[in-house]
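# Architecture at a glance
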Amino acid sequence: MPNKEFLEEYPLHRKLTIKLPVTLDMLPKPAIHMHCHVCESEQTFNMTNEYFDLFQYMNTPTKNTKVRLVYLCQSCKSFSREFYLYLSNNLDYIYKIGQYPAWEIKIDKNLDKVLGKHSANFKKGLVCESQGYGIGAFAYYRRITEEIIDELLDSIFDLIDESGKEEYKFVLDKTKTTRVTQDKIDLVKDLLPTILKPNGMNPLGVLHSELSEGMHANSDQDCLEIATHIREILTFLVNQIIQSKESAKQFTTSMKSILDKRINK
Ligand SMILES: [Zn+2]
């Protein structure tokens, strides 16, 4: 149902598939955590109105309805966010038809740095997402994936265990012989180190299938879903690679200082 993630993260027109209750008074009112423009920090917002405010009865049928949600910052009690949702006729999905303040076009800090000159295209992808232009968003994210894939696969090398380095290097060299991004990913995906596989999920495997699926998806709606996944995977991989290298470096430095101390005793 309108859940936290949906309200906080979903851009306009991205469908959330769910089972809706029959009447508006049965819809939940989850608290959300978003930026408050008065407090200038992340705050908790609670819904202060009723789904049926615009209608005569609290048990107004849910199907094929548009509702307004008003969320108030619990800290300053002055800044509010509003969402307008469409509830489907078959009670099987919802999506946003409006939002104030608008969905934010913000790029992850690490990703921005890694993308460098490609970050302009990434932002265009975000703009497309914010308007529900899934085909456009997919095209931009696919282009970026193509442009950074070599660098991305190269940078994974440092995270591979000593025992697996030789095999990875062999496959990595092979990736340079093809220009097709999906072929490159296909070669490497099974050699991904555990640290890049949250809960055993393989982000490169998912990236591979989302890219293929996106090529055949026709509607903005379907592409939007796929584009969001690609954006999330790229963001995860870049952050995880940077953090892993950073913590490995810190670990090495602190181990070295411990060993130095022992030697000097
Ligand atoms: Zn506030």
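Attention here is on the structure that accompanies the text.

Rules behind the numbers
Residues numbered from 1 in each chain as written. Predicted model: local features only at pLDDT ≥ 70, side-chain atom pairs only at ≥ 80, totals over all residues. Heavy atoms only, no water. Helix = DSSP H or I, 4+ residues; strand = E, 2+ residues; numbered from the N terminus. Contact = heavy atoms within 4.5 Å. Areas by Shrake-Rupley, 256 points an atom, 1.4 Å probe, with all protein chains shown as cover. Lys, Arg positive; Asp, Glu negative; His and termini not counted. Charge placed at Lys NZ, Arg CZ, Asp CG, Glu CD. Pairing = 2+ DSSP bridges. Donors = N, O, S within 2.8 Å, 3.2 Å for Na, K, Ca; no water. Tetrahedral: all angles 85-135°; square planar, octahedral: opposite > 155°, others 65-115°. Buried < 20%, exposed > 50% of the residue type's maximum accessible area, 1.4 Å probe, protein only. Salt bridge = Lys/Arg side-chain N within 4 Å of Asp/Glu carboxyl O. Core = buried A, V, L, I, M, F, W, Y, C linked by side-chain atoms within 4.5 Å. Axes fitted to C-alpha atoms, helices over the stretch in contact; angles between N-to-C directions. Parallel < 35°, antiparallel > 145°, perpendicular 65-115°, else oblique. Left-handed = near helix turned anticlockwise from the far one by under 90°. Nonpolar A, V, L, I, M, F, W, Y, C, P; charged D, E, K, R; others polar.

### Topic: the overall build of the protein chain
- When helices and strands are tallied, the protein chain shows 8 helices and 6 strands.
- Taken from N to C terminus, the helices and strands of the protein chain fall in the order α-β-β-β-β-β-β-α-α-α-α-α-α-α.
- Seen along its three principal axes, the alpha-carbon backbone of the protein chain occupies a region of about 75 × 55 × 30 Å.
- Nonlocal contacts in the protein chain, meaning residues at least 24 apart in sequence, comprise 59% of its contacts between residues at least 6 apart.
- When the accessible surface of the protein chain is split by element, carbon and sulfur atoms take 52% of a total near 14,800 Å².
- Averaging the coordinates of the 34 positive side-chain charges in the protein chain and doing the same for the 36 negative ones gives two points 3 Å apart.

### Considerations on the sheet that holds strand β6 (residues 93-100)
- Here we have 6 strands laid out as an open sheet, ordered β1-β6-β5-β4-β3-β2, and antiparallel in their pairing. Unpaired on one side and paired on the other, β1 (16-17) and β2 (32-36) mark the two borders of the sheet.
- Pairing of strand β3 (residues 41-47) with strand β4 (residues 65-73) involves 3 bridges; the strand directions are antiparallel. Bridged to F45 within β4 is C73.

### Structural notes on the coordination of the zinc ion
- All of the protein donors around the zinc ion are C36 (SG), C39 (SG), C73 (SG) and C76 (SG); their distances to the metal are 2.2 to 2.4 Å.
- The coordination sphere of the zinc ion comprises 4 donor atoms, whose angles at the metal cover 102 to 113°; the geometry is tetrahedral.
- Spacing between the donor residues of the zinc ion along their common chain follows C-x2-C-x33-C-x2-C. You can see C39 sitting in the loop between β2 and β3 and its partner C73 sitting in strand β4, a full 34 residues away along the chain.
- Taking the relative accessible area as the measure of exposure, C39 reaches 25% and is therefore partly exposed.
- The exposure class assigned to C73 is buried, which follows from its relative accessible area of 0%.

### A few points about the pattern of salt bridges
- Within the structure shown, the criterion is met by 11 salt bridges.
- The residue D154 makes a salt bridge to K176 at a minimum N-O spacing of 2.7 Å. Note that D154 is positioned in helix α4 (residues 134-156) and K176 in the loop between α5 (162-175) and α6 (181-188), a separation of 22 residues in sequence.

### Notes on the nonpolar core
- If you look at the biggest cluster of nonpolar residues, it comprises 38 residues, and the most contacted ones within it are F122, Y141, L153, I156, L204 and I230.
- Elements that contribute at least two residues to this core include exactly α2 (109-115), α3 (119-130), α4, α5, α6, α7 (203-216) and α8 (220-264).
- Those residues in contact with I230 that sit more than four places away from it in its chain are F138, Y141, T145, L207, E210 and L211.
- One finds L20, Y71, F83 and I94 within the second-largest nonpolar core, a separate group that totals 25 residues.

### Digging into the packing of α3 against α4
- It is the contact of α3 with α4, at a shortest axis distance of 8 Å, that shows an interaxial angle of 155°. Looking at the two axes, α3 sits roughly antiparallel to α4. The way α3 lies across α4 gives a crossing that is left-handed. Contacts between α3 and α4 pair N121, F122, K124, G125, L126, C128 and E129 from the former with G136, A137, Y140, Y141, R143, I144 and E147 from the latter.
- Classifying every residue of the contact of α3 with α4 gives 7 nonpolar, 3 polar and 4 charged.

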